[in-house]
Amino acid sequence: MTDLDPTAVLDRELDRARIVSPSVRGLIHYAQRDDFDRIEAAVERLAGCTRPVQLAGHTTTFDTTTGEPVRHYTTADEPLGRLLTTCGNRRASRCPSCSRTYAADTYQLIRAGLSGGKGTPEDVRTHPRVFATLTAPSFGSVHNRPTTRTGKPFPCRCGTLHPAGHPVLGTPLDRATYDYAGAVLFNAHAGALWARFTTYLRRAVAHAVGLTLAELREQCRVSFAKVAEFQKRGLVHFHAIVRLDGPEGSTTTPPAWATVDLLAAAVREAATRVSITVTGDSIGERELRWGQQLDVREITRPDTADHDDTPLTDAAVAGYVAKYATKSAEGTGTIDRPLYCSPCKGRGRIPTPTGLTDECAPCEGTGLAEPLADLHVASHVRQMIRTCWDLGSAPDFAELKLTKWAHMLGFRGHFSTKSRRYSTTLGALRGARRTWQTEQARLRAGHPLIDPDTTLVISDWRFLATGYSPGEEILAETVRHNRAATQRLKREGDLQ
């Protein structure tokens, strides 16, 4: 009798048992291996990342005094011949696990600029600072849920008292008269409006104390951190922490004339002055401004918190800002993927070697990866996406790249930004975490800690693919399930 390959025997038995799922088949194959525990540990280390990056390569650490290698790592020694690392995506809709890490880092970054820490002195909490919200203007009446000063809701303009969270909230009362072009252009220019706001803010602060901008830089620095949020009507607005520092930023004391009242007045003045004029053959001339709903509140200092009925504390502001750092436009009901056809880059035609162009076969010349009519979105969102596509196809607005950012309803800026000397950086936080994780891994493996001042690290890595193998996907789903159950039990314990 001929000996059969154990793998072939297992495949035959699985087929007989009608187990045809590639994920189940892959997991069973992994479970037969002697190094299955290492495969399982590699997946658990990613904490439920939905689409990890697969890398292959090696890294060698040398002692610079002797030239001898201290440690060598290669993916050839891994069970599956490659290393899995987290995707690092900030969007909760793409990767809940990595987005939680991003939110935690953003919280630490924002909190450091309010309370100190992470290289920022604690005296920064005594600097004048406000929490400002810059909103979008009205482009037409929308369904809303207005409330009285006591918080009691009353009917919308349509005469209906809409329940909280109702899908109609934020949609136009009359789609025929709603200014969709203006809404899309505002989103597309929101980043430029913010940049001009910061310029006018510095001018307003300088003018309030009778200084030139050059003289202001020698005495005071305006620092900020902001995050973008989409409203239900599909328009972006910004939440910002604005702070007055000394000339070198958070490490220096601001001048005596720098007060919260002065800063708040400067924010209001700058917001009302900012405008951008947009022209085009199809829309004429439009002036884009911030909306009239401007909210500026003092962030309460520790020595005055007991005297404030509703203090806006450091922790509350940091938590609020970090919450929106992992969100995009999905809250409006749009999609979280680009709509343009990848082969033709949304142009609808592909260049040929002869210099001519042929119609793109995958999108049939439309430039769209999928028809707009097939999108599972509300009609209001679909119309904003269609407006992005129509305006983006016009030569007047080619530089806005609206077709590329149609899924973001025209917004193409960063969701969270900060001035250079507000506090620490995300890179520094990630570097510190990476160093700590590396040291912990070396301790578990029994390797001595390495002094970076006396060592040289040479690495060579290449990208292989993204995602798990079918068997690893089941392990990752188990990790996600266990983490979700742990979080649920923790929340239930906090409520009791």
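So, how was this worked out
Residues numbered from 1 in each chain as written. Predicted model: local features only at pLDDT ≥ 70, side-chain atom pairs only at ≥ 80, totals over all residues. Heavy atoms only, no water. Helix = DSSP H or I, 4+ residues; strand = E, 2+ residues; numbered from the N terminus. Contact = heavy atoms within 4.5 Å. Areas by Shrake-Rupley, 256 points an atom, 1.4 Å probe, with all protein chains shown as cover. Lys, Arg positive; Asp, Glu negative; His and termini not counted. Charge placed at Lys NZ, Arg CZ, Asp CG, Glu CD. Phe/Tyr/Trp six-rings, centres within 6.5 Å; stacked < 30°, edge-to-face > 60°. Buried < 20%, exposed > 50% of the residue type's maximum accessible area, 1.4 Å probe, protein only. Lys NZ or Arg CZ within 6 Å of the ring centre and 35° of its normal. Salt bridge = Lys/Arg side-chain N within 4 Å of Asp/Glu carboxyl O. 1 Å grid on protein atoms, 1.4 Å probe; cavity = no way out; pocket = protein on both sides within 12 Å on 5 of 7 lines; lining within 4 Å. Points joined across faces, edges and corners; volume = space filled by probe spheres on them. Axes fitted to C-alpha atoms, helices over the stretch in contact; angles between N-to-C directions. Parallel < 35°, antiparallel > 145°, perpendicular 65-115°, else oblique. Nonpolar A, V, L, I, M, F, W, Y, C, P; charged D, E, K, R; others polar. Pairing = 2+ DSSP bridges. Expected span 1.5 Å × (residues − 1). Core = buried A, V, L, I, M, F, W, Y, C linked by side-chain atoms within 4.5 Å.

Undergrad: So what's going on with the overall build of the protein chain? Which residues, and what values?
TA: Of regular secondary structure, the protein chain possesses 11 helices and 13 strands. For the protein chain, the share of sequence-separated contacts (at least 6 apart) that also reach a separation of at least 24 residues comes to 69%. Total accessible area computed for the protein chain in this model is approximately 27,000 Å², and 51% of it derives from carbon and sulfur atoms. The protein chain carries 63 positive and 55 negative side-chain charges, and their two centres are separated by 5 Å.

Undergrad: So what about the packing of aromatic side chains? Which residues, and what values?
TA: The description of an aromatic ring pair rests on the distance of the ring centres and on the angle between the ring planes. With the rule as written, the count across this model stands at 14 aromatic pairs. Residues Phe 186 and Trp 290 carry aromatic rings whose centres are separated by 6.1 Å and whose planes lie at 80 degrees to one another, so their mutual orientation is edge-to-face. One end of the pair, Phe 186, is in helix α5 (residues 180-208); the other, Trp 290, is in the loop between β8 (284-288) and β9 (294-298), with 104 residues separating them in the sequence. Taking the centre distance of 6.1 Å and the plane angle of 35 degrees together, the rings of Phe 230 and Phe 415 count as tilted. Taken together, the residues span a long stretch of sequence, with Phe 230 in strand β5 (residues 221-230) and Phe 415 in the loop between α9 (379-392) and β12 (416-418) at a distance of 185 residues. Considered together, Phe 230 and Phe 415 belong to a single accessibility category, that of buried residues. Through a chain of ring-to-ring contacts, three or more aromatic side chains come together here, namely Phe 139, Phe 186, Trp 194, Phe 197, Phe 224, Phe 230, Phe 238, Trp 290, Phe 411 and Phe 415. Here Lys 226 stacks its cationic end above the ring of Phe 238, 4.6 Å away from the centre of that ring.

Undergrad: Tell me about the pattern of salt bridges, residues and numbers included.
TA: Taken as a whole, this structure holds 13 salt bridges when the rule is applied. For Arg 243, the salt bridge identified is with Asp 245, shortest N-O distance 2.7 Å. Across this residue pair, the class does not change: Arg 243 and Asp 245 are buried. Residue Glu 287 is joined to Arg 289 by a salt bridge in which the shortest nitrogen-to-oxygen separation is 3.3 Å. With a relative accessible area of 32%, Arg 289 lands in the partly exposed category. Overlapping salt bridges, with partners in common, bring together Glu 473, Glu 477 and Arg 480 in one network.

Undergrad: So what's going on with unusual backbone geometry? Residues and values would help.
TA: In this model, Ala 47 sits at a positive phi of 55 degrees, which is unusual for a non-glycine residue. Here Ala 47 is to be found in the loop between α3 (36-44) and β1 (53-63). Relative accessible area serves as the criterion here: at 19%, Ala 47 is assigned to the buried category. Of note, the phi angle at Lys 345 is positive, near 60 degrees, even though the residue is not glycine. You can see Lys 345 is positioned in the loop between α8 (314-325) and β10 (349-351).

Undergrad: Give a detailed account of the layout of surface pockets, specifying residues and quantitative values.
TA: Size it by volume and the second largest pocket reaches roughly 660 Å³. Surrounding the second largest pocket, 19 residues form its lining, Val 142, Asn 144, Gln 231, Arg 233 and Gln 293 being those nearest its centre.

Undergrad: Provide a residue-level description of the packing of α5 against α9, including the pertinent values.
TA: Relative to each other, α5 and α9 sit at 75 degrees, their axes nearing to 9 Å. Between α5 and α9, the crossing angle belongs to the class labelled roughly perpendicular. Contacts from Tyr 180, Ala 181, Ala 183, Val 184, Leu 185 and Asn 187 in α5 reach His 380, Gln 383, Met 384, Thr 387, Cys 388 and Leu 391 in α9. Broken down by class, the residue content of the contact of α5 with α9 amounts to 8 nonpolar, 4 polar and no charged.

Undergrad: Go over the pairing of β5, please, and point to the residues and values.
TA: Burial within β5 is extensive, with 9 of its 10 residues counted as buried. As paired strands, β5 and strand β6 (residues 236-245) are joined by 10 bridges and run antiparallel to one another. From the neighbouring strand, Ala 225 faces β6, where its bridge partner is Ile 241. Once β5 ends, the chain turns through 5 residues before running back antiparallel as β6, passing Gly 234 with a positive phi of about 90 degrees. Across 3 bridges, β5 lies against β12 in antiparallel orientation. Across the sheet, Val 227 pairs through a bridge with Ser 416, a residue of β12.

Undergrad: Account for the pairing of β1, with residues named and values stated.
TA: Judged by how many residues are buried, β1 sits mostly within the fold: 8 of 11 residues are covered. Taken together, the 11 bridges between β1 and strand β13 (residues 455-466) define a ladder with antiparallel strand orientation. What sits directly across from His 58, in β13, is Asp 460. Hairpin connection between β1 and strand β2 (residues 69-74): a loop of 5 residues separates the two successive antiparallel strands, and Gly 67 in this loop has a positive phi of roughly 80 degrees.

Undergrad: Requested: an account of helix α4 (residues 96-115), with residues and values cited.
TA: Look at α4: 28 Å from first C-alpha to last across 20 residues, which is about the 28 Å you get at 1.5 Å a residue. Two residues or fewer after α4 comes Gly 116, characterised by a positive phi angle close to 90 degrees.

Undergrad: Can you tell me about the nonpolar core, naming the residues and giving the values?
TA: Ranked by internal contacts, the top residues of the largest apolar core, which has 72 residues, are Phe 197, Leu 201, Trp 290 and Phe 411. Counting residues per element, the ones that place at least two in this core are β4 (129-134), α5, β5, β6, α7 (260-273), β7 (276-280) and α9. For this core, the element with the highest residue contribution is α5, accounting for 15 residues. Not counting the four nearest positions on each side in its chain, Trp 290 is found in contact with Leu 134, Thr 135, Pro 137, Phe 186, Ala 190, Leu 193, Trp 194, Phe 197, Phe 238, Ala 271 and Val 274. Within the second largest apolar cluster, 18 residues are counted, among which are Phe 131, Ile 241, Ala 318 and Val 321.

Undergrad: So what's going on with the environment of Gly 365? Which residues, and what values?
TA: Considering the arrangement of structural elements, one finds Gly 365 in the loop between β11 (357-359) and α9. Excluding its chain neighbours within four sequence positions, the residues that come into contact with Gly 365 are Gly 348, Glu 359 and Cys 360.

On their own, these measurements won't tell you what the molecule is for.
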